[in-house]
Amino acid sequence: METNKNVRKLIVSEWMTLDGVFDVSTMKEWFEPFDSTDRQNYIRENVMTSGAFLIGRVTYEMFASYWPNQKNDEMGIADRLNNAPKYVVSSTLMNAEWNNSTIIGKNVVEEITKLKQQPGQDIMVFGSASLVRSLMKTDLIDEYRFLVHPIVMGSGKRFFKEEMVTTKLRLAKTKTLNLGVMVDCYQPLRVEQNLAQVQAARGGRQ
């Protein structure tokens, strides 16, 4: 089965500690101390090469309360985030007032599939852990990008949960940034990829 190269990729981007904590309330401890030009460039590239953003309600409300108030195009990404199409997945949010925002309240898989089939740059998911966990049960996610900081928090809100589905991944790329921050990019092993690996291990025999 060949991948349709015309379909936009759905990319999950997560910032976290070595033990998977991605708690916004403690970012002063695990995120801010590791700031560098390398990391700023990585974040900027992720934003600027995305054609649309798909986010859950909690992340959307956090972003919507912050980015519209940034008037100096902070980090070179404020204008992009404020003007690019944003799709918030929520069954409870009634109004999405942030510029160029659309609520996806039902038929989530079908609506995201339609978005992927539209022309344009890839679709980025920032944070939105609950949304990501639900999408992991589908075949929609094409890539995970983990920005891992060299610190163990020991406690806090974690991205990885026990109820997450088992997901086999292939390491597509890894890069070390300044101050020991790692970028780890993984792609899901699709059913056909698993089959190909099994056949290769068997010497091509069915």
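Residues numbered from 1 in each chain as written. Predicted model: local features only at pLDDT ≥ 70, side-chain atom pairs only at ≥ 80, totals over all residues. Heavy atoms only, no water.

**Q** Please clarify how the sheet that holds strand S8 (residues 182–188) should be interpreted in this entry.
**A** In a beta sheet, neighbouring strands are held together by backbone hydrogen bonds and run either parallel or antiparallel to one another. Read across the open sheet, the eight strands follow the order S4-S3-S2-S5-S1-S6-S8-S7; overall the sheet is mixed. The open sheet has two free edges, formed respectively by strand S4 (101–104) and strand S7 (169–176), since each of these has just one partner strand. Here the strands of the sheet are splayed against their neighbours by 25° on average, with no regard to which way each runs. Bridging between S7 and S8 involves seven bridges; their strand directions are antiparallel. Pairing of Thr-174 across the sheet is with Asp-184, part of S8. Along the sheet, helix H3 (residues 57–64) contacts strand S2 (50–56), strand S3 (86–89), S4 and strand S5 (122–126); its crossing angle with S2, the most-contacted strand, is approximately 115°. (Pairing = 2+ DSSP bridges. Helix = DSSP H or I, 4+ residues; strand = E, 2+ residues; numbered from the N terminus. Axes fitted to C-alpha atoms, helices over the stretch in contact; angles between N-to-C directions. Contact = heavy atoms within 4.5 Å.)

**Q** Can you walk me through the packing of aromatic side chains in this structure?
**A** One pair of aromatic rings is described through two measures. These are the centre distance and the angle between the planes. With the rule as written, the count across this model stands at 12 aromatic pairs. Aromatic pair Phe-22 and Phe-159: ring centres 5.9 Å apart, planes at 85°, arrangement edge-to-face. Residue Phe-22 is found in the loop between strand S1 (10–17) and helix H1 (27–30), and its partner Phe-159 is found in the loop between strand S6 (143–149) and S7; the two are separated by 137 residues along the sequence. The same class applies to Phe-22 as to Phe-159, namely buried. Here the aromatic residues Phe-22, Tyr-144, Phe-146, Phe-159, Phe-160 and Tyr-186 are joined through ring pairs into a cluster of three or more. (Phe/Tyr/Trp six-rings, centres within 6.5 Å; stacked < 30°, edge-to-face > 60°. Buried < 20%, exposed > 50% of the residue type's maximum accessible area, 1.4 Å probe, protein only.)

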